[in-house]
Structure formats: C-alpha cells, structure tokens
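Here is how the chains run, residue by residue.
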2 protein chains.
Amino acid sequence: MTYCVALKLTTGMVFASDSRTNAGLDQISSFKKMRSFYEPNNRAIVILSSGNLSITQNAINQLEHQSRNSDCDNIWNAKSMFDVAHLLGECLREVRDREGIFLTQGNIDSSVNFIVGGQIKDEPMRLFLVYAEGNFIEVSEENPFFQIGETKYGKPIIDRVIKSDTPLCDAVKCLLVSFDSTMRSNLSVGFPIDLVCYSASSFRLDFQHITQDDPYFAQISRRWCDGLRSVFTSLPNPDWLNRVESSNFQSSN
Amino acid sequence: MTYCVALKLTTGMVFASDSRTNAGLDQISSFKKMRSFYEPNNRAIVILSSGNLSITQNAINQLEHQSRNSDCDNIWNAKSMFDVAHLLGECLREVRDREGIFLTQGNIDSSVNFIVGGQIKDEPMRLFLVYAEGNFIEVSEENPFFQIGETKYGKPIIDRVIKSDTPLCDAVKCLLVSFDSTMRSNLSVGFPIDLVCYSASSFRLDFQHITQDDPYFAQISRRWCDGLRSVFTSLPNPDWLNRVESSNFQSSN
C-alpha cells in the first residue's frame, strides 16, 4: 500500500510520500514513489504515484523517455502544468493499453493514481490528480490538497488543519502527523517518508528524506500522541453518563 | 454508508452506530442500525449492522422470528454469546441464500457485516464480528474493539486511546470523537448516533440517542477541534525547515 499527499497553499506547496510497497505480506520492499523535474528559474514539478508499481514506473519511464526528444511535447517544454498533467495521463494510457491486458489475465489490478503539481514560469502553482483512466482534475481553493493510496486514516487531521492560507511550516507538520496516524493504523504504509517543500515562485525544491529513526519525526509523533491524550482527558463527561448509577463508570478526569 | 463500533473493556462495553442510509446521493434516509435483546439478570445483547439494509433487516427479522419459537435454539435460550453469534451467522446465510441471487442479477452488493456483543448469565462479556459469509471472530484483549462500515477515518483516535482497562466514561468520549472525525470526513455517515453503555454483569443497557443539535456532542466536537489545533500549534518546527532560507516558511509558533 501507499500513502501520498500534496498541498497547494498560497505560499507554496508540500508533497509527501511513503515508500513501502508490498505484494503479499511476505514481500515488502521500499520504493521511491516520488519523482521530480526541476530547472532553475523555469520549472519545478513533482509527481507522486500509487497503485501497481510496474505501471507507475513504466508510465514515468515513458514520460522521461519523451523528455529526451525535444521535437515532441514533453515535460521540459510544456507551457503549463495542465499540459504536464495531460502528458502524464497520456503516458499512463499508453502503458495500460500495452500492459493492462496481461495483468488482467493474471487477475492483477493495473489501476494507479498520480498526483502531479508544481510551477512553470509565467504560470501560478498548480496541482492535479490523474486518475487510473488518464483523465485528471485540478485542486480547488476550498480543499487545497489531494491524497492517493491509503488516504482515510490521515485525512481527519488534514481536514481540520489545512486551509489555503496555512503557512508551509504548519503544513509540513500537519502532513507528518497525518503520516503518523496512517502508519499507526496501517502497517502497509511505512518509512522512509519523502517530503518536498516548494516556496511559491522559488523554482527550487527542498527535499527531506525521513527515516524510521528520525529524531524530529519521533518527537512530533510523541508530542502529538501526548497532546491528544491530554486534550482527550480534558473533555467534559456527559451528564447522562454521570446519572448512570454504576461505580464502573469512572472517568479519568 | 454506515459507521458502527463496539468496545469490550474490563468494566463494560460500549456500542455505537450512526443511522444514515443512502442509495445514491439523492436518496438519504435515517434507519436504526442497532438492535438489542435484554432480559433482567439474564442477558443483555446488542447487534450493530452495516451493508445492504434489506439483507441486515431480513437477517435480524429471521433472528427475531426464531426467538418466538422456544422449541428451537434462539437468542433467548442461547447458553453463550458464541451461540448467539452462530445463530446470527446462520440467519444471515439463510437470507443471502434466498435473496442474494436476485441482488446479484441487479448488480447489487448483498454483503453485510454485524457486530454482536453482550453478556449472558454465567458467562463473561463477549464481542464478535460476523462477516458477510456468516463466519465470525471474537475480539482480542490487545485490540478490544470492532468497527464496521466506514471505519478508517475514526480509527486513529480509537487506536490511540482504547485499551482493555480504559474506563467506560473515557470510552464513550473516545467513540464520540471517533464519530465526529468520521462525520467530518464522510458525509454519508450522519446523525443521529445510537449509543449503548453496558456495565459488566449489570444486565442493564443504558441507551443514548444523540441528535445533530445535541449540546454535549457539539461541546465535545468543538473542544476536541480547539484542543487539536492547540496541540498542533505547540509542535516544534523541524530544524531543516528553519534552515530553508525563505520568508514564506512562516510558522504559527
């Protein structure tokens, strides 16, 4: 399984992905699910992927192959992030056309998702979700994020914290908490976490590779857990529970 | 969609279910997903259900029908909760045998899940999860809860808080927070919430019906949200983000 999430905020973007891949519980590996394309003062693009790894790697490979041919439309000469999302969707369609039938014969799911975002010169930052069928949608101002893979465990904290005007620093912390919640509840999402911060119009990507023994992540995880428990303990008891005449209904506050 | 959860703790049990049912977004109704069977000083049993409503109602109806015939094994003369789970599984199998084929013809999923728990005299409290196929498992000491339906959004807080020795009062609060997180992230889970507390060996069920304008739930929801934001704000910034030389990387702490 996979967990990837990307945010588009007023001041920049944050992308994060786990790196655990499994084909059955006895076959667990670590693969990068993040690719970036970067040219100073011109473009900064990040792609996150979830789903069948052979299909996502193949589609990205196709995209990179195209990019070496300057005669055709490619990720280095695309005029907009919309065009980049379109290119990626087309690569995915080609690969699924070619490979999908063989996977179907083996009863293997060939569906994948991509998140692709970033900035190209003379355009604002943009963020897209590419579906398994190669079609795609753009993020909205109201819900300025996309998640793919094992998305649900880590969604409540993002729903609560992230708005378009959330500072990048808070966004980074929110994503780490979201990963912490996901990894506690689902063993198939795991370290290391790849994280990229992008400050609007900087055309520079700042990478972090967060491993299992990362002291900052451990600190966030512990303080979040302790903080939640403390908030939880401070919640008032319901009147109706106090009325229940049973010595067993004890509370911790 | 549905969200149901039940806990078996040292001092008692808590059961909770939402009551929203939908067949397409334009057809949303409220149905009870909780049934209880109670005889003073003898037995207290609660059943929660998720999945195809016609199948769950039919299976429960079958169980109730049996219970009027004292010559056959039924929920009133069952000697153990294991037997009750078995009876429920058998009712489910009968109903799916009878109805499933017609639903399959209409491409309708007939799968359902039940949680069934409680206590029968001379036995400790027990809690079971009944699968769509009618087989079932019992809860463990390490993970003393079952969830069915839209389970993931509300699982992290349960994972963090609930242990076998959690007081019932805290367990109730935890479940309300879990419902709050689920309802924020998925509109198809909704009020009212039916909640039952059972204190060990009391053979008495305490019901609460929590509606959308319940002042206690609103208070829990608001204080939890404020508390989370406050914990979040107090989390330390990463060193590496402070090193990033960009005025856009502002933090709220």
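The structure we're discussing is the one just above.
This is a predicted model, so every value here is computed, not measured. (Residues numbered from 1 in each chain as written. Chains lettered and ligands numbered in written order. Predicted model: local features only at pLDDT ≥ 70, side-chain atom pairs only at ≥ 80, totals over all residues. Heavy atoms only, no water.)

Each helix and strand in chain A was counted, giving six helices and twelve strands. Projected onto its principal axes, the C-alpha positions of chain A cover 80 × 45 × 35 Å. A burial count over chain A gives 57% of its 253 residues as buried. When contacts within chain A are restricted to residue pairs at least 6 apart in sequence, those whose partners lie at least 24 apart make up 63%. Considering chain A, the positive charge centre built from 24 side chains and the negative charge centre built from 30 side chains are found 4 Å apart. (Helix = DSSP H or I, 4+ residues; strand = E, 2+ residues; numbered from the N terminus. Buried < 20%, exposed > 50% of the residue type's maximum accessible area, 1.4 Å probe, protein only. Contact = heavy atoms within 4.5 Å. Lys, Arg positive; Asp, Glu negative; His and termini not counted. Charge placed at Lys NZ, Arg CZ, Asp CG, Glu CD.)

Residues and elements named next belong to chain B. Read from one edge to the other, the open sheet built from five strands follows the order 5-6-7-8-9, with strand pairing classed as antiparallel. The strands lining the two open edges of the sheet, one partner per strand, are strand 5 (34-39) and strand 9 (136-138). Along the sheet, successive strands turn relative to each other by an average axial angle of 15 degrees, direction set aside. In this sheet, strand 7 (residues 112-120) lies alongside strand 6 (residues 43-51) in antiparallel orientation, the contact comprising nine bridges. Bridge assignment links Val46 to a residue of strand 7, and that residue is Gly117. Seen against the sheet, helix 2 (residues 81-105) touches strand 6, strand 7, strand 8 (126-130) and strand 9 and runs at an angle of roughly 155 degrees to strand 7. (Pairing = 2+ DSSP bridges. Axes fitted to C-alpha atoms, helices over the stretch in contact; angles between N-to-C directions.)

With that out of the way, let us pick up the environment of Gly89 of chain A. Residue and element names in this part refer to chain A. Relative to the assigned elements, Gly89 resides in helix 2 (residues 81-105). A relative accessible area of 0% means that Gly89 is categorised as buried. Each C-alpha atom, one on Gly89 and one on Val130, is 6.4 Å from the other, the two residues being 41 residues apart in sequence.

Quick look at unusual backbone geometry now. A cis geometry characterises the amide bond from Phe191 of chain A onward to Pro192 of chain A, with omega recorded as -10 degrees. Relative to the elements of secondary structure, Pro192 of chain A occurs in the loop between helix 4 (168-185) and strand 11 (193-199). Located in the positive-phi region is Ser201 of chain B, a residue other than glycine, with phi close to 60 degrees. By the secondary structure assignment, Ser201 of chain B is in the loop between strand 11 (193-199) and strand 12 (205-210).

Moving on to the pairing of strand 11 of chain B. All names here are of chain B. Burial analysis of strand 11 places seven of its seven residues in the buried class, which makes it a mostly covered element. Burial along strand 11 is two-sided: the residues Ile193, Leu195, Cys197 and Ser199 and Asp194, Val196 and Tyr198 are all buried. Sheet analysis places strand 2 (residues 12-17) next to strand 11, joined by six bridges and oriented antiparallel. Of the residues in strand 11, the one forming a bridge with Gly12 is Ser199. Of the strand pairs in this sheet, strand 11 and strand 12 are connected by six bridges, and their pairing is antiparallel. Looking at strand 12, one finds that Tyr198 is bridged to Leu205. Between strand 11 and strand 12, which pair antiparallel one after the other, the connecting turn spans five residues, and Ser201 there sits at a positive phi close to 60 degrees.

Time to look at the packing of aromatic side chains. Summed over all chains, the structure comprises 16 aromatic pairs over all chains. Considering the side-chain rings of Phe82 of chain A and Phe128 of chain A, the 6.1 Å spacing of their centres and the 80 degrees angle between planes classify their relative orientation as edge-to-face. Of this pair, Phe82 of chain A sits in helix 2 while Phe128 of chain A sits in strand 8 (residues 126-130), and the two are 46 residues apart along the sequence. Ring centres 6.2 Å apart and planes at 85 degrees place the aromatic pair Tyr216 of chain A and Trp240 of chain B in the edge-to-face group. Remark: Trp240 of chain B occurs in helix 6 (residues 239-243) and Tyr216 of chain A occurs in helix 5 (residues 215-234); the pair is interchain, linking two chains. For the residue pair Tyr216 of chain A and Trp240 of chain B, the accessibility class agrees, reading buried in each case. Cluster of aromatic residues (ring-pair linked, three or more members): Phe82, Phe128 and Phe136 of chain A. Sitting over the face of the ring of Phe232 of chain A, Lys173 of chain B holds its NZ or CZ atom 6.0 Å from the ring centroid. (Phe/Tyr/Trp six-rings, centres within 6.5 Å; stacked < 30°, edge-to-face > 60°. Lys NZ or Arg CZ within 6 Å of the ring centre and 35° of its normal.)

Each pair of packed helices gets described by two things: the angle between the helix axes and the distance between those axes. Residue and element names in this part refer to chain B. Relative orientation of the contacting elements helix 4 (residues 168-185) and helix 5 (residues 215-234) amounts to 75 degrees, with a least axis distance of 10 Å. Classified by the angle between their axes, helix 4 and helix 5 sit roughly perpendicular to one another. The segment helix 4 lies against helix 5, with Lys173, Leu176, Val177, Asp180, Met183 and Arg184 engaging Tyr216, Phe217, Ile220, Ser221, Trp224 and Cys225. Among the residues making up the contact of helix 4 with helix 5, the classes are represented as eight nonpolar, one polar and three charged. (Parallel < 35°, antiparallel > 145°, perpendicular 65-115°, else oblique. Nonpolar A, V, L, I, M, F, W, Y, C, P; charged D, E, K, R; others polar.)

This brings us to the interface of chain B and chain A. Counting residues at the interface gives 58 residues for chain B, matched by 58 residues for chain A. Between chain B and chain A, a total of about 5500 Å² is buried, with carbon and sulfur atoms accounting for 64% of that surface. Broken down residue by residue, the surface that chain B buries against chain A is led by Arg160, Phe232 and Trp240 of chain B, which jointly contribute 16%. If you look at where chain B meets chain A, you find four salt bridges. For the pair chain B and chain A, the number of links is 18 residue pairs in polar contact (both at pLDDT 80 or more). Broken down by secondary-structure element, the contributors of at least two residues to the side of chain B that touches chain A are helix 3 (155-161), helix 4, strand 11, strand 12, helix 5 and helix 6 of chain B. (Buried area = accessible area lost by both parts, 1.4 Å probe. Salt bridge = Lys/Arg side-chain N within 4 Å of Asp/Glu carboxyl O. Polar contact = N/O pair within 3.5 Å; in protein donor to acceptor, adjacent residues only side chain to side chain.)

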